[in-house]
Each structure stands twice: as C-alpha cells, then as structure tokens.
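Structural characterization, general
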Amino acid sequence: MHFPMSMTTSHLYTAAESRALDQRAMEALTVDGFTLMQRAADYAFACILERYAGLQAVSVWCGKGNNAGDAYLVAARAQQYGLTVQVVAAEPVEGLAGDAALAYQQAAACGLTVVTLDAADMNFVARADVVVDGLLGTGFHGEPRGSTALALQLLQPITTPVFSIDVPSGVDASTGAAAPTALYADATASFITQKIGLFTGAGTEHVGDNYFDALGVPEYVYAAADMGIPRQTFDAGQLAALPRNTYKHQRGHVVVVGGARNMPGAVMMAAQAALRVGAGMVTVVTHAAHTNAIVSRTPEVMVVDAEDETVPELLDKASLLVVGPGLGRSAWSEHLYDRVVSGVAADKPLLLDADGLHWLALRGNSSGSNLFITPHAGEAAALLGCSSLQVQADRVASVRALQQQYACAGVLKGAGSLVFDTDQVSLCGHGNPGMATAGMGDVLSGMAGGLMACAATGDAHLLRQCFNQAVLLHSAAADQAAARLGPRSLLATDVIDVIPQLLSEAPLPE
C-alpha cells in the first residue's frame, strides 16, 4: 500500500478525461466498474485506518453517484472492521443505480442502517473520529442543489476531520472552483486519475493531504490516452552544462527596466536573481536616484539612467528584456514603458511583469513576437478584461485565453501556478503560502530573465523550456527556504539565497 502522493502518472485530468480513462482502465484490466469501486474503497479505508490512530466511530455521508458507491463500500468495510458506523444518505437510496446500487446493497448486507438527512444524529457526527465525504464527486459543477446542498450546510459547523472520496464535495474537479458550502477536507483520496481541480485555485485549500492510487491501471493506458496536463517538478539535470570555454557574452545580457522613484527594491531583486541563475551580464534601466543603492547591494550590476540617450543602444544589444519590476503607473512609468517596448526588435525576447502588465493591458498588444508574461490573478483579469474571480473560476481556461489574445507564453501565478506556451499548459508541482509576499514576483522575473538570456539564441522552443525551468526553480527554492524559515517568515530574497544549492546539482562541464 502506498500513501500520500504515490503517483504512477505525472499528469492531471479534467472530470471528462477522468471518465474516459476510467473506461480505458476497465478495458485494459478486463474488469467491471464495481471491481474498481471495491479497490477504491479498500484503498480509502486503508488510508483512513492509517491516518486516524485509535479510530472507533465513523460517520459516512453518501450522495447518489459512483462517489456515493465508494462511500457505501467504505462504510461496509468499517462495519466489518468492528467500528461504530453511522451512514447518512443525502439522496434516497431508491434512486441509486448501477454500481452505486450494488455498493449500497453490500453495505445493507453487512447490517448497516442508513438514515436520511432529517434523521441524522449530528451529535454522533460531532463525536465521530472522522466524517467520510461521499456526497459529490467529479461530476459536480456549479452550485450544490437540493438535499445535497442541505447536507453540506449541516456539515459546515462540524469540526470533525473530513476524509473526502475522490474530491471534496463542492469543489469542481476540472477547475478547482469551490462553492461557498464546499467542504474543507482533512484529506482526500483519489483513484485512477489526479484531478486538476485539486492542484490549482481554491481546490488547493479544500483538498487537505492528497492520497492517490491508480488501482492497478498500467502506465501505458495513460500514455496512449494522450490527455491531461503535466505536473512538473524542478530537475537541475535538465539544465544544460556551461561549456568550459564559455565567456560572459555567451551567457547573455539581461536588461531589467523599472524601479520608479519609491520602488528601487524590485529592480534590485530582479537583477540579483538574474545574475544568481547564470546571466553573464545584467543592466538595470531605472530612476537615476537608485544607482548607488543598487550598486552597493550588487556591485556586479550595471545601472543606466532611464533618461539616458544610450538606452536605445543598450536595448538593441540586450539578449532579453525584463520590463515591469517596480515600474509604477505614473507619467514617468508610462513614458519609460512606451520608450522601451516600442524599441524592442520583433524577435527580441521580452518578459513583462508587475506594472509592465498594467501597461500591456492598457495598450492591448506588444511589438515583440517572443513575449512572456507573469501575471497573478488580478493582473490576468486586467489583461483579459474580466474579474479575478472569473480567472480563478477556471485557471486553465484563463491561461489559454491569455496565450491566444496576446500570442505569448508565461505563467499564471498563485496556488497551483500554471505555465503555458503555444501548445501546452503545465502545472508547477512546487509552491507554498509563504510565497504570497512582497518581491516574490520580482525574483521570479529576474530568474526567468537570467535563465532565458543564457539561451537567447533564436530558438523559441529552448526559450520556453528555460522559462518553464525558471518557474519550477523559483518555487522549489521557495519551498526549501520555507522549510528552513517557516512560511510566515519567508522573504523574497531568501529564495535568491537558496538558488545556488539547487543549481549545484546541474551538470558540470566535461
């Protein structure tokens, strides 16, 4: 038996893709749906036994689909194990069909009594060691209705730990959107497929600890299906080794543009991060007042006054531009943005972050064909002309809309960051709540600029690979820093400090 995150596949799937893979699994294993349901119940109950030491009393809440069938079978196993079991049917058992009906019959055959909502003993629920949530499964979308909505309302004030089957009730398995009454699970057990909605958006807050089992489905079934999005983690081995005869110009020249009069820190952090990941040279184009502070902190950085007449020449020589850290929204900011972005050659890689995205949203386009963006939900909403709630309601659809509207690659930051380019979306498998702090995005933009500058050779695919690696490296470094300092104490500069440790695992020159 394998426990949290014992994944046999690195992809995440929508509800529709999960249903298709369930069917493929039955065909590949030559078993019926009820056999898979029994395997799911065995795994879920084993997880419950391991997780809740001294378990004595279980309250099992059932809806009407296959998710309810899993829960009825868990209740049967708990009864056979000798536990005290309460089973609450939010939907009439007479309406159960197929495998769910078979599961109910097996539970009834074990001597279990199933009670309706109006007869549910909520005092028992409050005293139970765990509530097993089998109310709503992967087919849920929108708002809970009818008696299921009432069941969720009854469970809202309960402090008993909730163990959800496949997906916490009220969470959309495809998008991560959560209804106001969605349950907050202590843990969730998923089967055959990992659902996208548990790894991005609000779903990450509701899922608790994530248990997964493929129920014996072989890897080739997933590969042949050609579905889902990758869930990726950082691997320093994927970075190219530096040639022994390399020199700084080969490692790229990053130009960071921003730093309004009251925001020097953003360009400082972006510049330092770009150097730390390997850029050969970094120049900051900023307010003249910031020169001494930037050079004092990082003497390897060059600084140019934003009003200097040499700026166009500098932009022309740059390998890559990072525009936006600390840029601001003043007349000075607008002038600098327009001056820089209008001077970017059509094929020059351009990364827009922070207030660079504000000006992009106002202008509606960019002159560069190699455009990369790094919005959080609010910035993405401005770019798409919608609300941040709409962005969060379907983050995968939002990144696809960004790519289409701006012909760009980038990342939608937040819980379950999504990296996107012209032909795919992937999910960053790292990240923690401590990253929600000032300067974190500036560090990311600098890291991305630094890694991409090293590969700014005109190979668009290689550029996108380096951007993807930068997102993963940034979040992996943040996780290591948070493990040492705690997420509450995490600072953006702490992430820069961890970069060498992770990059030390990259290939060495031969």
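The preceding data block contains the structure.
**A look at the overall build of the chain**
- Looking only at helices and strands, the chain has 19 helices and 19 strands in total.
- For 510 residues, the compact-globule formula gives about 24 Å, and the C-alpha radius of gyration of the chain, at 26 Å, lands near that figure.
- Projected onto the principal axes, the alpha-carbon positions of the chain cover approximately 85 × 50 × 40 Å.
- The buried share of the chain, taken over its 510 residues, is 56%.
- Here the contacts in the chain between residues at least 6 apart in sequence split such that 72% fall between residues at least 24 apart.

**Let's talk about the nonpolar core**
- Residues Phe234, Val254, Val256, Val443, Met452, Phe467 and Leu473 are the most contacted members of the largest nonpolar core, which totals 56 residues.
- Of all the secondary-structure elements, those providing two or more residues to this core are β11 (253–257), α9 (264–276), β12 (281–286), β14 (320–323), β17 (409–412), α17 (440–453), α18 (460–485) and α19 (492–503).
- Counting residues per element, this core draws most heavily on α18, at twelve residues.
- Val443 has contacts with Met269, Ala273, His474, Ala492, Val495 and Ile496, leaving out every residue within four places of it along the chain.
- By size, the runner-up hydrophobic cluster in this structure holds 55 residues, among which are Ala68, Phe163, Ile192 and Val217.

**What to know about the sheet that holds β12**
- What the twelve strands build is an open sheet, ordered β8-β1-β10-β19-β18-β17-β16-β15-β14-β11-β12-β13; its pairing is mixed. Two strands close off the open sheet at either side, each with one partner strand: β8 (194–195) and β13 (302–305).

**Considering the pattern of salt bridges**
- According to the stated counting rule, one finds nine salt bridges in the structure shown.
- Between Glu334 and Arg363 there is a salt bridge; the shortest N-O distance is 2.8 Å. Taken as a pair, Glu334 in helix α12 (residues 331–342) and Arg363 in helix α13 (residues 355–363) lie far apart in primary sequence, 29 residues in all.
- A salt bridge links Asp338 to Arg363; the shortest N-O distance between them is 2.8 Å. Of the two residues, Asp338 is situated in helix α12 and Arg363 in helix α13; the sequence distance between them amounts to 25 residues.
- Classification of Arg363 by relative accessible area gives partly exposed; the value is 31%.

**Structural notes on the sheet that holds strand β3 (residues 84–89)**
- One open sheet holds the seven strands; their spatial order is β4-β3-β2-β5-β6-β7-β9, and the pairing between them is parallel. With one partner strand each, in any of the chains shown, β4 (114–116) and β9 (209–213) form the two edges of the open sheet. Sheet twist, expressed as the average angle between the axes of neighbouring strands with direction ignored, equals 25°.

**Details of the packing of α13 against helix α14 (residues 377–384)**
- It is at 8 Å that the axes of α13 and α14 come closest, and there the two elements cross at 15°. Considering their axes alone, α13 and α14 lie roughly parallel with respect to each other. The way α13 lies across α14 gives a crossing that is left-handed. Seen from α13, the contacting residues are Leu357, Leu360 and Ala361; seen from α14, they are Glu379, Ala382 and Leu383.

**Here we look at the pairing of β13**
- Looking at chain direction, β12 and β13 are connected through four bridges and run parallel. Its bridge partner lying in β13, Val285 is registered against Val304.

**Regarding unusual backbone geometry**
- Residue Ile192 is not a glycine yet carries a positive backbone phi of 65°.
- Take Ile192: it is sitting in the loop between β7 (187–191) and β8.
- With phi around 50°, Ala407 is a residue other than glycine that occupies positive phi space.
- Examined against the element boundaries, Ala407 turns out to sit in the loop between α16 (395–406) and β17.

**Quick look at helix α2 (residues 33–51)**
- For α2, built from 19 residues, the straight-helix expectation of 27 Å at 1.5 Å per residue is met to within 8% by its first-to-last C-alpha distance of 27 Å.
- For α2, the set of buried residues is Gly33, Phe34, Leu36, Met37, Ala40, Ala41, Tyr43, Ala44, Phe45, Cys47 and Ile48.

**With respect to the environment of Val217**
- With respect to the helices and strands, Val217 occurs in the loop between β9 and α8 (219–225).
- Assessed through its relative accessible area of 6%, Val217 is described here as buried.
- Between the alpha carbons of Val217 and Leu29 there is a distance of 7.0 Å; along the sequence they are 188 residues apart.
- The residues touching Val217, leaving out its near neighbours within four places in the chain, are Ala25, Leu29, Ile192 and Tyr222.

Rules used throughout
- Residues numbered from 1 in each chain as written.
- Predicted model: local features only at pLDDT ≥ 70, side-chain atom pairs only at ≥ 80, totals over all residues.
- Heavy atoms only, no water.
- Helix = DSSP H or I, 4+ residues; strand = E, 2+ residues; numbered from the N terminus.
- Rg over C-alpha atoms; globule rule 2.2 N^0.38 Å.
- Buried < 20%, exposed > 50% of the residue type's maximum accessible area, 1.4 Å probe, protein only.
- Contact = heavy atoms within 4.5 Å.
- Core = buried A, V, L, I, M, F, W, Y, C linked by side-chain atoms within 4.5 Å.
- Pairing = 2+ DSSP bridges.
- Salt bridge = Lys/Arg side-chain N within 4 Å of Asp/Glu carboxyl O.
- Axes fitted to C-alpha atoms, helices over the stretch in contact; angles between N-to-C directions.
- Parallel < 35°, antiparallel > 145°, perpendicular 65-115°, else oblique.
- Left-handed = near helix turned anticlockwise from the far one by under 90°.
- Expected span 1.5 Å × (residues − 1).

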